[in-house]
Amino acid sequence: MPAQAYAGKECVCQLRKGICDQSCVQGMLDTPFYIACLKLTGRRCVVVGGGEIGLEKVEGLLACDGEVTLIAPEAEPALQEYAQEGSIRWERREYAGRSDLDGVFMAIAATNDTDVNIAVYDDAERRAMLVNVVDVPPLCNFILPAIVRTGPLAIAISTAGASPALAKRIKREVEGQFGEPYARLAVLLNEVRGWAKGTLPTYQDRKVFFEGIVGGDPDPVSLLREAEEPGAGEQAVRELIAQHQAASELQVSRA
């Protein structure tokens, strides 16, 4: 079950039951989450709470070029350094209410104060904006999966809040199986997307082209992984792509 939501612990959600009876998390595992990748570049994001979890969330937003404001009376040294260097804006005070969410795209509450967390959630919900209260799935309209990120490659792992520990284990296993060669292949395939859109007339034609490369023989991932000289793998994949381009152009000319 989600942390902070189990019988006997103080209630931390909007139901304000005093002692948690788990009623707020019933049905969480049956919730069909819509999976999406958000573009945060230049968008205002607020993190409430300056502890270790707040630091984790701030760094995740910065990694995606979010424009981050931290609201907290005190903050971890690393957060103070981010503020001093200008990477984030630090409002050194308590959360003040709905006005703190003016013009904000996303809010994340990472405090140990239940009333503050609930206030952030309620204020954000009234504005129909994205909000996540860390470790309290009932106070979220989106959840944050574990992410494997290598270059342009990002793989999300979610257990719908059931077990962050399991998600972390899966993340470690995925990192070992899918990594840098796949990211390099993504970059190489992106180089020919413009050609494909300009040359191959239909979606199905483009699908066949790219799937023929990714799933064909020789395997492009193996070419990248097994190359002995720097750049040799990329060159081999570019030659493979060129062969598929020539074959596709011939088919288009005959159509």
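Preceding block: the structure.
Quick look at the structure, then. (Residues numbered from 1 in each chain as written. Predicted model: local features only at pLDDT ≥ 70, side-chain atom pairs only at ≥ 80, totals over all residues. Heavy atoms only, no water.)

**So, the pattern of salt bridges**
Phase 1: Within this structure, the stated rule accounts for 11 salt bridges.
Phase 2: Where Arg127 meets Asp102, a salt bridge forms, and the shortest distance between an N and an O atom there is 2.6 Å. Pair noted here: Arg127 is in the loop between α3 (114-126) and β5 (130-133) and Asp102 is in the loop between β3 (89-91) and β4 (106-109), with a separation of 25 residues, a long-range link.
Phase 3: Given the relative accessible area of 35%, Arg127 is considered partly exposed.
Phase 4: The partner of Glu173 in a salt bridge is Arg169, with the nearest N and O atoms 2.9 Å apart. Separated by 4 residues within a single helix, Glu173 and Arg169 lie in helix α4 (residues 164-177), roughly one turn from each other.
Phase 5: According to the relative accessible area criterion, Glu173 is partly exposed, its value standing at 47%.
Phase 6: Its relative accessible area of 48% is what places Arg169 among the partly exposed residues. (Salt bridge = Lys/Arg side-chain N within 4 Å of Asp/Glu carboxyl O. Helix = DSSP H or I, 4+ residues; strand = E, 2+ residues; numbered from the N terminus. Buried < 20%, exposed > 50% of the residue type's maximum accessible area, 1.4 Å probe, protein only.)

**With respect to the side chain of Thr69**
Phase 1: Structurally, Thr69 can be placed in strand β2 (residues 67-71).
Phase 2: Judged by its relative accessible area of 9%, Thr69 is buried.
Phase 3: Apart from the residues lying within four places of it in its own chain, the contact partners of Thr69 are Arg44, Cys45, Val46, Val47, Arg89 and Glu91. (Contact = heavy atoms within 4.5 Å.)

**Some remarks on α3**
Phase 1: Taking 1.5 Å of rise per residue, the 13 residues of α3 would be expected to cover 18 Å, and the 18 Å separating its terminal C-alpha atoms lies within 8% of that figure.
Phase 2: By the burial criterion, the buried members of α3 are Thr114, Val116, Asn117, Ile118, Val120, Tyr121, Asp123 and Ala124.
Phase 3: Next to the buried residues of α3 lie β1 (44-48), β4 and β5.
Phase 4: A positive backbone phi angle near 55° is found at Ala128, which sits one or two residues after α3. (Expected span 1.5 Å × (residues − 1).)

**Description of the sheet that holds β1**
Phase 1: With parallel pairing, the 5 strands of this open sheet are ordered in space as β3-β2-β1-β4-β5. Sheet topology places β3 and β5 at the edges, where each strand pairs with a single neighbour. The average undirected angle you get between the axes of adjacent strands in this sheet is 15°.
Phase 2: Judged from the 5 bridges that link them, β1 and β2 form a sheet pairing that is parallel. (Pairing = 2+ DSSP bridges. Axes fitted to C-alpha atoms, helices over the stretch in contact; angles between N-to-C directions.)

**What about the environment of Tyr95?**
Phase 1: Residue placement: Tyr95 occurs in the loop between β3 and β4.
Phase 2: Under the relative-accessibility criterion, Tyr95 is labelled buried at 14%.
Phase 3: Among residues more than four places away in sequence, those in contact with Tyr95 are Val48, Ile71, Asp100, Leu101, Val116, Ala119, Val120 and Asp123.
Phase 4: Of the polar contacts made by the side chain of Tyr95, one reaches the backbone oxygen of Gly97; its length is 3.2 Å.
Phase 5: At 2.7 Å, the side chain of Tyr95 and the side chain of Asp123 are in polar contact. (Polar contact = N/O pair within 3.5 Å; in protein donor to acceptor, adjacent residues only side chain to side chain.)

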